[in-house]
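A look at the structure
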Amino acid sequence: MTRQIQLAPASSAPGRGSEYAELSRQIKEAGLLERRPGYYAWKIAVTIGMLAAGWTAFVVVGNSWWQLAVAAFLAVVFTQIGFLGHDAGHRQVFGSRRASYVAGILLGNLGIGLSCCWWVDKHNRHHAHPNQVDADPDIAVGALAFTPAQARASRGVARLVFRYQAYLFFPMLLLEAAGLHVASVRALTRRAARRRPAERALITIHAVGYLTVVFVLLSPVRAVVFILVQQGLFGLYLGCSFAPNHKGMPVLDAADQRDFLRRQVLTSRNVRGGWLTDFALGGLNYQIEHHLFPSMPRPNLHRSQALVEAFCQQKGVPYCEASLAGSYAQALRHLNAVGRRARPGTAT
């Protein structure tokens, strides 16, 4: 039976520190934190079926340039597996830590060759301090500059890249998967990772199996092109799914002391759309609700949106929602504005 979600009346004088508790109580009373085993059972089954279909097509097509179509299909499947790994890492699928870990390493390490534990650690730090300087690893200086200070401090090639980062953003996403693979391997070769033999074994099985199948069935040139296309599109799709979430939203300084509710809502952006957007973005289009309640199962996010938006309006908290194209436009405008600080003649 579908629950009717209604916004409970606001208390007469709620303390700022109690507002999130008030919202959380409403979310729990609506049953929106309850597990959805049926949804995840069919979602995982369908996604694994798509993976099997992709590799079956790879074998059937054989040594042909038609394999580039298979590469594009597998890039989509890999990203969908990544979304499931994301959900498992947040314990949306299973309530227990052990079951979530097992699902995470099977989907991440074995399924797409990315370290589950490395990603969970990094992602948890992002969730704790979204868009906060010196705390959120997702806006740490790297291939992109997210703050004027990062752009002004750059030198050499980095400064040149930052100048035009808005124009280079989408091309650079073609290297996203390669960067994630490198980071995963580095994390699993550190001394602290010696207690993760299962992770190392599964990611090795993935790499060896992937490369063996590709190079055995395809000529060397076609094999290399297949890998470049499949991994490039995988990174592009993955990056495009995460880009609308926080880029172009307020960046908080290191000393910011906002409460949890405001920190999560002010730095996040939702993306409007229907079922196709939900599928394409893996539920990440409900970024505000996800950041407020990371363990909320994906299918419950859209059900919670009206409640959360109305609550934010009651409390005077800005709630940002844009179209997919609009979200990219906002993100690119922000990157361009920051990049100008790295251009000659710009005031510091």
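Residues numbered from 1 in each chain as written. Predicted model: local features only at pLDDT ≥ 70, side-chain atom pairs only at ≥ 80, totals over all residues. Heavy atoms only, no water.

**Structural notes on the overall build of the protein chain**
Rule in force here: Per the convention used, a helix needs a DSSP run of H or I reaching at least four residues, while a strand needs a run of E reaching at least two, with both numbered from the N terminus. Burial classes follow relative accessibility: with a 1.4 Å probe on protein chains only, a residue under 20% of its type's maximum area counts as buried, one over 50% as exposed, and anything between as partly exposed. We call two residues contacting when some pair of their heavy atoms lies within 4.5 Å. Residue-level accessible areas treat just the shown protein chains as cover; the underlying method is Shrake-Rupley with a 1.4 Å probe. Only four residue types enter the tally: Lys and Arg on the positive side, Asp and Glu on the negative side; His and the chain ends are excluded. Positions of charges follow a simple convention, taking NZ of Lys, CZ of Arg, CG of Asp or CD of Glu.
Regarding its fold elements, the protein chain presents 16 helices and two strands. A principal-axis box enclosing the C-alpha atoms of the protein chain has dimensions of 70 × 60 × 40 Å. By the burial criterion, 47% of the 348 residues in the protein chain qualify as buried. Taking the intrachain contacts of the protein chain between residues at least 6 apart in sequence as the baseline, contacts between residues at least 24 apart amount to 71%. Total accessible area on the protein chain stands at roughly 16,700 Å², and carbon and sulfur atoms take up 63% of it. Across the protein chain, the mean location of the 37 positive side-chain charges is 8 Å away from that of the 18 negative side-chain charges.

**What about the pattern of salt bridges?**
Selection criterion: Basic side-chain nitrogens of Lys or Arg form a salt bridge, by our definition, when they fall within 4 Å of a carboxyl oxygen of Asp or Glu.
Applying the stated criterion across every chain yields a total of seven salt bridges. Here Asp 121 ties to Arg 125 by a salt bridge, and the two come within 3.5 Å at their closest N and O atoms. Here Asp 121 pairs with Arg 125, and both are found in helix α5 (residues 116-128), just four residues apart, close to one helical turn.

**Points about the packing of helix α3 (residues 67-89) against helix α4 (residues 97-112)**
Applicable threshold: Axis geometry follows a simple rule: fit a line to the C-alpha atoms, using only the stretch in contact for helices, then measure angles between N-to-C directions, giving values from 0 to 180 degrees. An angle below 35 degrees is read as roughly parallel, one above 145 as roughly antiparallel, one from 65 to 115 as roughly perpendicular, and any other as oblique. In this scheme the handedness of a crossing depends on how the near helix is turned from the far one: anticlockwise by less than a right angle means left-handed, clockwise means right-handed. Classes in brief: Ala, Val, Leu, Ile, Met, Phe, Trp, Tyr, Cys and Pro nonpolar; Asp, Glu, Lys and Arg charged; the others, Gly included, polar.
For the pair α3 and α4, the least separation of the axes is 8 Å and the interaxial angle reads 160°. Taken together, the axes of α3 and α4 lie roughly antiparallel to each other. At the point where α3 passes α4, the crossing takes the left-handed sense. Here Phe 78, Ile 81, Gly 82, Leu 84, Gly 85 and Ala 88 of α3 come into contact with α4, specifically with Ser 100, Ala 103, Gly 104, Leu 107, Gly 111 and Ile 112. Residue classes in the contact of α3 with α4 are distributed as seven nonpolar, five polar and no charged.

**Remarks on the environment of Ala 342**
For Ala 342, the location among the structural elements is in the segment after α16 (324-340). Residue classification places Ala 342 among the buried residues on the basis of a relative accessible area of 0%. Spatially, the C-alpha atom of Ala 342 lies 30 Å from that of Trp 119, the residues being 223 residues apart in sequence.

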